[in-house]
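# Structure at a glance
Chain by chain, the residues:
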Amino acid sequence: LVLDEEGQKMSKSRGNVLDPWETVSEFGADATRFYLLASSNPWLSKKWDGEALKETNRKLFDTLRSTYRFFAMYAELEGWDHESSGESPVESREPIDRWLLSRLDALAGSVRADFEAYDLTRAARRITSFVLDDLSNWYVRQTRDRFWATGAHAGDDAPQSTADAFSTLHRALATTALVLAPISPFLTDWLHRRLTGRSAHLTEYPEPAGVRDEELERRMEHVRRLSTLGRAVREEAGVRVRQPLGSLHAVIPGGGRPGPELEAILRQELNVKEVVFLAESDDIVRLSAKPDFGRLGPRFGPKTPRVAKAIEELDAESVRSLGVGEAVSVVVDGEVLEVLPGDARVLEEASGDLMVQAQDGYLVGLDTTITPDLEAEGLAREVVSRVQRLRRESGLDVSDRIRLGMAAESGRLADAVEAHREYIAGETLAVAVTTEAEQTAALKYTTRVEIEGESIALGFSRSDG
């Protein structure tokens, strides 16, 4: 039974009836079906929420479409085809490929079990989480550069890395289409036909492919949790993501580290030059306990001031125990007394110049000091961003090479452009670069922008070569 937004039964007399055909016309049958199943189990009454349906369509279905468009565009540019992919065996691919295929295996097994148990709502929510969190916001974002073997980051191993990335994303999209097909039959059939030439509904429902690697998933989860905290520190400090920073100090619950290849992902994600892993948080934060006299007074009476002083003098290990909800003992006038977690508030103070964020045993300390060299690199990245925006606005294809002009007056911006000239050229596909004002002004597409309070003229023309 579908209720209105106030939880009232829909009826013509109340004037709160929705025309289902108008809803399907506006949002599509797929999004409507998915919303009804994801919001609650089929046998429960549902409160209608048009905004939630719109959000479902935007998040899940638009994300699937845009991810497929990204894949298809670069597959066409690179001439990649799934029937002659040249892919490596799964165990030989890069860790992030193996991680995505492991997550895909987990999804296929879990959703099949959910469907067999008729837990359709949990199945729908698992699929949403995979598409948004694993596929789009992590895998595609981390691997964009690999989908272009001849691009700015090409190297000797680029063709194989590109083939593996295409193969991994192709399998992820095709399997997602099959997993989702019973709930949303139309988009998934279109997507699966585009990817494989076959109907999703004439294909066996997927089984796990036997490539699950829970240890790799666990290590990648460490990287993702630290990335979230690192981005929060940047936001708190007001340091934009394009500005490189020197170092990040990190603590993982139980100690350890994710391993060199995954740590490279963390450095790239947080745009830092170095990540230092520590066994404990003592080198990043200083812990202290502040007594709660309102709690101590009724329990300890005249001993309260001395108990409070003992709490203030607790060592880091005891304060840490209070912080995780454990009681500790203090000695007052030769008597052993028990201090409960609610008797004091645990305070964390950053050591040195680090800015700190912590959650669930994960902790990061970010050095936000910006040296002249780091500042110059950050300015160069800003220039790249503005040129890329101008390319899009001018309607160039992503593969078009350009002749680039960047003319800044003397100052930090001009020095940054000169120091990072090759980097800017590689990122923007520039085959020729000038920093002369007259030559820049003569190019076909030109603009002037402000970056960090300094002005620079940008221009480019498509290179016929």
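Keep in mind that this is a model prediction, so the values were computed, not measured.

The rules behind each value
Residues numbered from 1 in each chain as written. Predicted model: local features only at pLDDT ≥ 70, side-chain atom pairs only at ≥ 80, totals over all residues. Heavy atoms only, no water. Helix = DSSP H or I, 4+ residues; strand = E, 2+ residues; numbered from the N terminus. Pairing = 2+ DSSP bridges. Axes fitted to C-alpha atoms, helices over the stretch in contact; angles between N-to-C directions. Contact = heavy atoms within 4.5 Å. Buried < 20%, exposed > 50% of the residue type's maximum accessible area, 1.4 Å probe, protein only. Expected span 1.5 Å × (residues − 1). Bend = angle between axes of the 7 residues up to and from the residue. Polar contact = N/O pair within 3.5 Å; in protein donor to acceptor, adjacent residues only side chain to side chain. Parallel < 35°, antiparallel > 145°, perpendicular 65-115°, else oblique. Nonpolar A, V, L, I, M, F, W, Y, C, P; charged D, E, K, R; others polar. Core = buried A, V, L, I, M, F, W, Y, C linked by side-chain atoms within 4.5 Å. Salt bridge = Lys/Arg side-chain N within 4 Å of Asp/Glu carboxyl O. Phe/Tyr/Trp six-rings, centres within 6.5 Å; stacked < 30°, edge-to-face > 60°.

## Re the environment of Pro89
Residue position: Pro89 is located in the loop between helix H3 (50–78) and helix H4 (95–116). Residues Pro89 and Val211, 122 residues apart in the sequence, show an inter-C-alpha distance of 11 Å.

## A few points about the sheet that holds strand S11 (residues 402–408)
Strands sit in the order S12-S11-S14-S13 across an open sheet of four strands; the sheet is mixed. For this open sheet the edge positions go to strand S12 (430–434) and strand S13 (445–451), each flanked by a neighbour on one side alone. Put simply, the sheet's adjacent strands are angled 20° from each other on average, direction ignored. Its contacts with the sheet place helix H13 (residues 372–393) against S11, S13 and strand S14 (454–462), and it is angled at close to 145° to S13. Lying on the sheet, helix H15 (residues 421–428) is in contact with S11 and S12; it crosses S12 at an angle near 140°.

## Quick word on the side chain of Thr67
Note that Thr67 resides in helix H3. Setting aside its immediate chain neighbours within four residues, Thr67 contacts Leu135, Ser136, Val140, Leu169 and Leu173.

## Let's talk about the environment of Ala289
One can find Ala289 in strand S5 (residues 285–291). When its relative accessible area of 7% is taken as the criterion, Ala289 is described as buried. It is 8.4 Å that separates the C-alpha atoms of Ala289 and Leu322, two residues lying 33 residues apart in sequence. Excluding anything up to four places from it in sequence, Ala289 contacts Ile311, Glu312, Val319, Leu322, Ala344 and Arg345.

## Comments concerning the sheet that holds strand S9 (residues 354–359)
Strand-to-strand pairing in sheets goes through backbone hydrogen bonds, with the strands running parallel or antiparallel. With mixed pairing, the four strands of this open sheet are ordered in space as S4-S3-S10-S9. Where the open sheet ends on each side, the last strands, each with one partner, are strand S4 (272–278) and S9. Neighbouring strand axes in the sheet, compared pairwise and without regard to direction, differ in orientation by 20° on average. In the sheet, S9 pairs with strand S10 (residues 362–367) via six bridges, with the strands oriented antiparallel. For Met355, the partnering residue across the bridge sits in S10 and is Leu366. The sheet strands contacting helix H8 (residues 214–237) are strand S3 (245–251), S4, S9 and S10, and the helix crosses S10 at an angle near 45°. The strands touched by helix H9 (residues 260–270) are S3 and S4; relative to S4, the strand with the most contacts, the crossing angle is about 130°.

## Quick notes on H3
Compared with an ideal rise of 1.5 Å per residue, which puts 29 residues at 42 Å, H3 spans 41 Å between its outermost C-alpha atoms and is within 8% of the ideal. The sharpest bend along H3 reaches about 30° and sits at Asp62. Backbone nitrogen of Glu51 and a side-chain oxygen of the N-cap are separated by 3.1 Å at the start of H3; the cap is Asp49. Of the residues trailing H3, Gly79 is marked for its positive phi of about 70°.

## Things to note about the packing of helix H5 (residues 120–143) against H9
One can describe the packing of H5 onto H9 by two numbers: an axis separation of 11 Å at closest approach and a directional angle of 90°. With respect to their mutual orientation, H5 and H9 come out roughly perpendicular. In this structure, H5 contributes Trp138, Arg141 and Gln142 to the contact, and H9 contributes Ile265, Gln268 and Glu269. Looking at the contact of H5 with H9, its residues break down into two nonpolar, two polar and two charged.

## Focus: the nonpolar core
Counting 75 residues, the largest nonpolar core has Phe71, Tyr139 and Leu169 as its most contacted members. Setting aside residues no more than four positions away along its own chain, Tyr139 makes contact with Ile96, Asp97, Trp99, Leu100, Asp134, Arg146, Phe147, Ala165, Thr168 and Leu169. Counting residues in each nonpolar core, the second largest holds 24 residues, with Val251, Leu287, Ala308 and Leu337 among its members.

## Considering the pattern of salt bridges
Tallied over the full model, the rule gives 38 salt bridges. One salt bridge connects Asp62 with Arg65, and the closest N-O pair in it is separated by 2.8 Å. Note that Asp62 and Arg65 are positioned in helix H3 at a spacing of three residues, about one turn of the helix. Here Asp333 and Arg306 are joined by a salt bridge, their closest N and O atoms 2.9 Å apart. Of this pair, Asp333 sits in the loop between strand S6 (328–332) and strand S7 (335–339) while Arg306 sits in helix H11 (residues 304–312); the two residues are 27 residues apart in sequence, bridging distant segments of the chain. By relative accessible area, which is 61% here, Asp333 ends up exposed.

## A few points about the pairing of S6
A one-sided burial pattern is seen for S6, the buried positions being Val328, Val330 and Val332 and the unburied ones Ser329 and Val331. One ladder, built from five bridges, connects S6 with S7; its direction is antiparallel. By the bridge assignment for S7, Val328 is matched with Val339. What sits between the antiparallel neighbours S6 and S7 is a turn of two residues, in which Asp333 has the positive phi angle 55°.

## Thoughts on the packing of aromatic side chains
Counting across every chain of the model gives 14 aromatic pairs. Note on Phe34 and Phe61: the rings are 5.8 Å apart at their centroids and 90° apart in plane angle, and the pair reads as edge-to-face. Of this pair, Phe34 sits in helix H2 (residues 29–39) while Phe61 is found in helix H3, placing the two residues 27 residues apart along the sequence. When sorted by exposure, Phe34 lands in the same class as Phe61, which is buried. With a centroid separation of 5.5 Å and an interplanar angle of 20°, the aromatic rings of Trp80 and Phe166 are classed as stacked. Linking Trp80 in the loop between H3 and H4 with Phe166 in helix H6 (residues 158–180), this pair joins segments that are 86 residues apart in sequence. Like Phe166, Trp80 is buried. Of the aromatic side chains, those joined through ring pairs into one cluster are Tyr68, Phe70, Phe71, Tyr74, Trp80, Phe147, Trp148, Phe166 and Trp190.

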